[in-house]
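# Examining the three-dimensional arrangement
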Amino acid sequence: GKRVKVIKKGNDHWCCCPFHEEKTPSCKINDDLGSYYCFGCGAKGDIFTIYTDLYNFSFPDAVKELADRVGIKLSDQYFQQNKENEKTFKILEIATNWFETNLINNEECKNYLNKRSISKNTIKDFRIGYSFNPKSSLYEYLKKKDFTDEDILKSNIVKMDSRNKVKDFFYKRLIFPIANEQNKIIGFGGRVLDNSQPKYINSPESNFFKKRNFLYNLNQAKKNIRSKKNILICEGYMDVITLYENNIKTAVAPLGTSLTETQLLLAWKFVNKPTIMFDGDNAGLRASYKSALMALPYLSPNKFLQFIKLPRDHDPDTYINKFSLSELIKILKKPLPIVDFIFDQS
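Residues numbered from 1 in each chain as written. Predicted model: local features only at pLDDT ≥ 70, side-chain atom pairs only at ≥ 80, totals over all residues. Heavy atoms only, no water.

### Topic: the packing of helix α1 (residues 47-54) against helix α2 (residues 59-70)
As a reminder, the rule being used: Orientation is described by axes fitted as lines to C-alpha atoms, over the contacting stretch for helices, and by angles from 0 to 180 degrees between their N-to-C directions. Runs of H or I in DSSP of at least four residues are treated as helices and runs of E of at least two as strands, each being numbered from the N terminus. Angle categories are assigned with fixed cut-offs, so that under 35 degrees is roughly parallel, over 145 is roughly antiparallel, 65 to 115 is roughly perpendicular, and the rest are oblique. Each crossing is labelled by how the near helix is turned from the far one, with a counterclockwise turn of less than a right angle marking it left-handed and a clockwise turn marking it right-handed. Note on contacts: a residue pair is in contact if any heavy atoms of the two residues lie within 4.5 Å. Basically, the charged four are Asp, Glu, Lys and Arg, the nonpolar ten are Ala, Val, Leu, Ile, Met, Phe, Trp, Tyr, Cys and Pro, and anything else, Gly included, counts as polar.
At a closest axis distance of 9 Å, the pairing of α1 and α2 adopts a crossing angle of 125°. Judged by the angle between their axes, α1 and α2 are oblique. Handedness of the α1/α2 crossing: right-handed. Two secondary-structure elements touch here, α1 through Ile 47, Phe 48, Tyr 51 and Thr 52 and α2 through Phe 59, Ala 62, Val 63, Glu 65, Leu 66 and Arg 69. Of the residues contributing to the contact of α1 with α2, the split by class is seven nonpolar, one polar and two charged.

Pasting the structure below:
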């Protein structure tokens, strides 16, 4: 009620959806169940998701805020852990700024992204950076900000080498910051600019960064996902960024791993029919097929899955460059239902 005007119609309450712009109320509030559902964009949830999705609270902070409102005293143990993580999030935010500044001052990075047709605005939106500065390491930079070795190591932005010296985790890589749904940086993906291996590496797993639980770019894409009623799950960071550059802003990606059950359930939280579009090579087809089989036990009248098959050996970037965006959109308009895709691959 603080955000929008709530109207009672019969036994139900309605309001204009706070997640998208509309003039006629299409969001129904069920007081008995303590839930809401928007018939316009599909947004749904309860009082906790109002705080996490609309106001960008972390879940623990949402619980604490609501408990304070109704006078419930909560145990401090869990919130102490969350408070400790806040220092880590601060370090990761500072590191992101450092990476961004490095890229601005590096011609090789800018030339690479320019060749990939990535604009300055898109670089800014995704906060793409570079993990090298000739004047200072990230570790040295953070030490000057008065963080302890323990705090910096806990953030996983540095590591101990074989001689017990602290070193930067990422070295001379393009950096793709990874944010949670509340827009807090929780980790990074790093890509080499040459042909050395491994091409991509991610931040190590931790209590605040578990790759299987997150989708890259969901923090930015969720508003468009709700309004378009579509989520496009691609293979990697550059696929998402290329599609965004071409005004397809519902794309997300797993974090360097196969699509997991948790990530699929997360996609279903926003739409009933996610679309998977992995690369058109053998590895991409295998990953798509694996995702289809994994999804089967979860299918229901309200949970579907569909697939886009790109021509052999093409990813979204190469397909748009070789043909055109309009040709890709034609393919996007003809997804295969999960059953047809499985039989097609069998």
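Continuing now.
### Here we look at the sheet that holds strand β4 (residues 35-38)
Worth spelling out the cut-off: Strands qualify as paired when DSSP identifies two bridges or more between them.
Pairing within the open sheet is antiparallel, and its five strands lie in the order β1-β2-β3-β4-β5. The two strands at the open ends of the sheet, each matched to only one other strand, are β1 (6-9) and β5 (44-46). Between one strand axis and the next, the sheet turns through 25° on average, direction left out of account. As defined by bridge partners, β1 adjoins strand β2 (residues 12-15) across four bridges and the pair is classed as antiparallel. Among the inter-strand pairings, Val 6 is bridged to a residue of β2, identified as Cys 15. Along the sheet, α1 contacts β4 and β5; its crossing angle with β5, the most-contacted strand, is approximately 115°.

### Looking at the environment of Arg 3
For clarity, the cut-off: Here the term buried applies to any residue with accessible area under 20% of the maximum for its type, exposed to any over 50%, and partly exposed to those in between, with areas from a 1.4 Å probe on protein chains only.
Inspection of the secondary structure puts Arg 3 in the segment before β1. In this structure Arg 3 comes out as partly exposed when scored by relative accessible area, which is 47%. Taking the C-alpha atoms as reference points, Arg 3 and Glu 181, 178 residues apart in sequence, are found 20 Å from one another.

### Topic: the side chain of Thr 49
Defined as follows: Side-chain atoms alone can form a polar contact between residues adjacent in sequence; in general such a contact is a pair of N or O atoms within 3.5 Å, and within protein one must be able to donate a hydrogen while the other accepts it.
On the secondary structure map, Thr 49 appears in helix α1. A distance of 2.7 Å separates a polar side-chain atom of Thr 49 from the backbone nitrogen of Asp 46. Ignoring sequence-local partners within four residues, the contact set of Thr 49 consists of Tyr 36, Lys 44 and Leu 54.

### Some details on the pairing of strand β9 (residues 174-179)
On a regular strand, each side chain points to the face opposite its neighbour's, so the side chains alternate between the two faces of the sheet. Of all six residues in β9, six are buried; the element is thus mostly enclosed. Where strand β6 (residues 129-130) meets β9, two bridges bridge the pair, whose relative direction is antiparallel. By the bridge assignment for β9, Gly 129 is matched with Ile 175. Inspection of the sheet shows β9 paired to strand β10 (residues 185-191) by six bridges, in the antiparallel sense. For Phe 176, the partnering residue across the bridge sits in β10 and is Gly 189. Counted along the chain from β9 to the antiparallel partner β10, the turn is five residues long, and its residue Asn 183 has a positive phi close to 70°.

### What about the packing of helix α11 (residues 282-295) against helix α14 (residues 338-345)?
Each packed pair of helices is defined by two parameters, the angle between the axes and the distance between the axes. Closest axis-to-axis distance for the α11/α14 pair is 10 Å, and the angle between their directions is 130°. By the angle class used here, α11 and α14 are oblique. Considering how the two elements wind past one another, α11 and α14 form a crossing that is left-handed. Of the residues in α14, those in contact with Leu 285, Ser 288, Tyr 289, Ala 292, Leu 293 and Ala 295 of α11 are Ile 338, Phe 341, Ile 342 and Gln 345. Of the residues that constitute the contact of α11 with α14, the class distribution is eight nonpolar, two polar and no charged.

### Focus: the packing of aromatic side chains
Under the convention used in this document: For Phe, Tyr and Trp, where Trp contributes only its six-membered ring, two rings pair if their centres lie within 6.5 Å, and the inter-plane angle classes them as stacked under 30 degrees, edge-to-face over 60, or tilted in between. For a ring to carry a charge above it, either NZ of a lysine or CZ of an arginine must fall within 6 Å of the ring centroid while also lying within 35 degrees of the normal to the ring plane.
Taken as a whole, this structure holds 20 aromatic pairs when the rule is applied. Taking the centre distance of 6.5 Å and the plane angle of 40° together, the rings of Phe 176 and Tyr 200 count as tilted. In this pair, Phe 176 is assigned in strand β9 and Tyr 200 in strand β11 (residues 200-202), connecting sequence segments 24 residues apart. On the accessibility criterion, Phe 176 (0% relative accessible area) is buried. With a relative accessible area of 32%, Tyr 200 lands in the partly exposed category. One aromatic cluster is present, built from ring pairs that chain together Trp 98, Phe 99, Tyr 141, Phe 169, Phe 170 and Phe 188. The lysine or arginine in question, Lys 159, covers the ring of Phe 169, its NZ or CZ lying 5.5 Å from the ring centre. The ring of Phe 19 carries Arg 226 above its face, with NZ or CZ at 4.5 Å from the centroid.

### What to know about the pairing of β2
The hairpin formed by β1 and β2 contains two residues between the paired strands, and Gly 10 there has a positive phi angle of roughly 65°. Relative to strand β3 (residues 27-30), β2 runs antiparallel, the two being bridged by three bridges. Considered in β3, the bridge of His 13 is made with Ile 29.

### Description of the sheet that holds β9
With antiparallel pairing, four strands are arranged side by side in an open sheet as β6-β9-β10-β11. Two strands lie at the open edges of the sheet, namely β6 and β11, each paired on one side alone.

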